[in-house]
Amino acid sequence: MFDIKWIRENPDAFDAGLKGRNRPPAAAQVLALDAKLRAEQTLLQETQARRNAASKEIGAAKAKGGDGAALIAEVAAFKERLQQGEEATRRFEVEIRDLLAGFPNAPASDVPVGVDESANREVRRSGTPRAFDFKPKEHFDLGESLGLMDFEAAARVSGARFVVLKGALARLERALGAFMLDLHTREFGYTEVSPPVLVRDHAAFGTAQLPKFEDDLFQTKPPRAPEDSDSGGRFWLVPTAEVPLTNLVREQILDQAALPMRMTAQTLCFRAEAGAAGKDTRGMIRQHQFIKVELVSVTAPEQSDAEHERMTACAEEVLKRLDLPYRVVMLSTGDMGFAAKKTYDIEVWLPGQDRFREISSCSNCGDFQARRMNARYRTEGQKGTRFVHTLNGSGLAIGRTLIAVLENYQNRDGSIAVPVALRPYMGGLETIARTD
RNA sequence: GGAGAGGUGGCCGAGUGGCCUAAGGCGGCGGUUUGCUAAACCGUUGUACGGUUGAAAAGCCGUACCGAGGGUUCGAAUCCCUCCCUCUCCGCCA
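Read on for a plain summary of the structure. (Residues numbered from 1 in each chain as written. Chains lettered and ligands numbered in written order. Predicted model: local features only at pLDDT ≥ 70, side-chain atom pairs only at ≥ 80, totals over all residues. Heavy atoms only, no water.)

### Thoughts on the overall build of chain A
(1) Moving on: Helix and strand counts for chain A come out as 13 helices and 18 strands.
(2) Moving on: Split into buried and exposed, the 436 residues of chain A put 49% on the buried side.
(3) Moving on: The long-range share in chain A, meaning contacts at least 24 apart out of those at least 6 apart in sequence, stands at 73%.
(4) Moving on: A total of about 21,400 Å² of accessible surface is found on chain A, and carbon and sulfur atoms cover 49% of it.
(5) Moving on: One finds the centroid of the 59 positive side-chain charges in chain A at a distance of 2 Å from the centroid of its 61 negative side-chain charges. (Helix = DSSP H or I, 4+ residues; strand = E, 2+ residues; numbered from the N terminus. Buried < 20%, exposed > 50% of the residue type's maximum accessible area, 1.4 Å probe, protein only. Contact = heavy atoms within 4.5 Å. Areas by Shrake-Rupley, 256 points an atom, 1.4 Å probe, with all protein chains shown as cover. Lys, Arg positive; Asp, Glu negative; His and termini not counted. Charge placed at Lys NZ, Arg CZ, Asp CG, Glu CD.)

### Points about the sheet that holds strand S6 (residues 219-220)
(1) Moving on: With antiparallel pairing, 3 strands are arranged side by side in an open sheet as S5-S7-S6. For this open sheet the edge positions go to strand S5 (198-199) and S6, each flanked by a neighbour on one side alone.
(2) Moving on: In this structure, S6 lies alongside strand S7 (residues 235-237), joined through 2 bridges in antiparallel fashion. The residue of S7 that forms the bridge with glutamine 219 is tryptophan 236. (Pairing = 2+ DSSP bridges.)

### Quick look at the sheet that holds strand S13 (residues 355-364)
(1) Moving on: Spatially, the 8 strands line up as an open sheet ordered S1-S11-S12-S13-S16-S10-S9-S4, and their pairing is mixed. Each edge of the open sheet is held by one strand with a lone partner, namely strand S1 (121-126) and strand S4 (191-192).
(2) Moving on: Direction of pairing for S13 relative to strand S16 (residues 389-397): antiparallel, over a ladder of 3 bridges. Residue pairing across strands places asparagine 364 opposite leucine 391, the latter belonging to S16.

### With respect to the packing of aromatic side chains
(1) Moving on: In total, this model carries 9 aromatic pairs according to the counting rule given.
(2) Moving on: Between the aromatic rings of phenylalanine 14 and phenylalanine 103, the centroid separation amounts to 5.1 Å while the plane-to-plane angle is 90°, which identifies the pairing as edge-to-face. Taken together, the residues phenylalanine 14 in helix H2 (residues 11-20) and phenylalanine 103 in the loop between helix H5 (79-101) and S1 connect sequence positions 89 residues apart.
(3) Moving on: With a relative accessible area of 2%, phenylalanine 14 lands in the buried category.
(4) Moving on: Against the face of phenylalanine 92 rests arginine 91, its NZ or CZ located 5.8 Å from the ring centre. (Phe/Tyr/Trp six-rings, centres within 6.5 Å; stacked < 30°, edge-to-face > 60°. Lys NZ or Arg CZ within 6 Å of the ring centre and 35° of its normal.)

### Brief notes about the packing of helix H8 (residues 167-187) against helix H11 (residues 304-321)
(1) Moving on: Following both chains from N to C, one finds H8 and H11 inclined at 125°, their axes separated by 11 Å at the closest point. Considering the angle they form, H8 stands oblique to H11. Taken as a pair, H8 and H11 cross one another with a handedness that is right-handed. Contacts between H8 and H11 pair Phe179, Met180, Leu183, His184 and Glu187 from the former with Cys314, Ala315, Glu317, Val318 and Arg321 from the latter.
(2) Moving on: For the contact of H8 with H11, the residue count by class is 6 nonpolar, 1 polar and 3 charged. (Axes fitted to C-alpha atoms, helices over the stretch in contact; angles between N-to-C directions. Parallel < 35°, antiparallel > 145°, perpendicular 65-115°, else oblique. Left-handed = near helix turned anticlockwise from the far one by under 90°. Nonpolar A, V, L, I, M, F, W, Y, C, P; charged D, E, K, R; others polar.)

### Re H2
(1) Moving on: Regarding H2, the residues found buried are Phe14, Asp15, Gly17, Leu18 and Gly20.
(2) Moving on: Looking at the packing, one finds that the buried side of H2 touches helix H1 (4-9) and helix H3 (27-63).
(3) Moving on: Remark: asparagine 22 follows H2 within two positions and exhibits a positive phi of approximately 60°.

### Some words on the state of the cysteines
(1) Moving on: Tallied over the full model, the rule gives 0 disulfides.
(2) Moving on: Cysteine cysteine 269 shares no disulfide, and the gap to the nearest cysteine sulfur, in cysteine 362, comes to 14 Å.
(3) Moving on: As a non-bridged cysteine, cysteine 362 has cysteine 314 as the owner of its nearest cysteine sulfur, 8.8 Å distant.
(4) Moving on: The class for cysteine 362 is buried, based on a relative accessible area of 0%. (Disulfide = S-S within 2.5 Å.)

### Comments concerning unusual backbone geometry
(1) Moving on: The omega angle of the peptide bond from leucine 210 to proline 211 is 0°, so this bond is cis rather than trans.
(2) Moving on: Note that proline 211 resides in the loop between helix H9 (201-206) and S6.
(3) Moving on: Put simply, glycine 395 and leucine 396 share a cis peptide bond, and its omega is 10°.
(4) Moving on: With respect to the element layout, leucine 396 can be found in strand S16.
(5) Moving on: Positioned with a positive phi, arginine 161 is a non-glycine residue whose angle comes to about 70°.
(6) Moving on: Relative to the elements of secondary structure, arginine 161 occurs in the loop between helix H7 (151-158) and strand S3 (164-165).
(7) Moving on: You can call arginine 161 buried: its relative accessible area is 15%.
(8) Moving on: One non-glycine residue, aspartate 323, lies in the positive phi region at around 55°.
(9) Moving on: Topologically, aspartate 323 is positioned in the loop between H11 and strand S11 (326-330).

Laid out in structure tokens, this is it:
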């Protein structure tokens, strides 16, 4: 969400940001609306001032024993004008707010400009893809051959884009989550959180899933919810723990001493993925439901760039410990998410697909979400409050990490070596193999 | 699901039609006092918009904001309606 004052003072910078996002300029439209609103406000305020003065006189007259009838008739005539002014003012306010809520965040100055992922810039690589002396399989072949990954069973229960993991693979999923949480909490100072995964409209608005991306979300509501209420008693299933974690500071005024605030959570994530039909239909890459360990930081504005690098490094460390090759990519203006001003994607090497695939996305949202959430902080010794900066990143997506382990650690016979770092979490198991 | 109670400034909390320009307290900030700290005392205290003075910093005036929206009224934190949210007890439930 943009600050209307900032747009007033920097209309060109605002339009430049939109241009980077491949959108037409809009400052003129915003400012015209803003001018109309303020003119309407001024008119309303003047009328209100006259009404207030007259009403005061009526009160004084009555106190002296008079009836103030002449004044009452005079003030009553204001009524219609006041109502019209209030209605017009409110209408413009809503219009501006809705308009502002629909603009994506302005990209940071070092973000490559482009229309899509082809303009993304590779930043660095780590690890060397293993040389196979056989043709490496894709994860779904490996999992199904092991008898531990069952898409048909999942389809019988829930339809397409779900999976059932069993035995050692179910445990591997659990091990990955525990491993990541331990790393982030013990070594990187993140506080483990177990948040709600059903959230209200205002929380989804705060992190900018609403109002533009409603179609990507599952929603639900309790039985017998009041039919006539605005939201219908609705909840949204979170597409990422970013939503509840970031919203933990909504409507709060934090002490600067509490910053940076670092939180991590493992949660289920739910995505309707309406527009993605036909893409990655096989396997676990794109599911309606998956588990992810999320990292969220809340910082002072001056800290957020450094925190962004640090957060990305924390996510990368998971892959390093698992000895999985990856690269880091800075997304172009056209490929970034709505709320982000700068994003690093981490892409893991998948030998079965012979390509890098996204496994984490780390974004600095600046004050974009903080404005929507009204999340501020106060510095001791200074007047007033400032909006915090918020950052989020996957650390990592568990399902895709599991895929990466299967494909990178596969043996010729279809068995899977367990990465050394995960063995303590797997009861010392060294190899996942078919058991029947 | 049943019954009840609530939502007021950074926080707690008073406030049943005009004296609300929201009491009081806490916290914050500034000051006085003081080897230092603490305490005490004095002062101060939000957001948005408009107008105005000023080179600026800032000041002054006005309007709105007491969960949201609508209504009654010359006038609403206060009365009425709808909605949202929270809490308590009971019931059900992992």
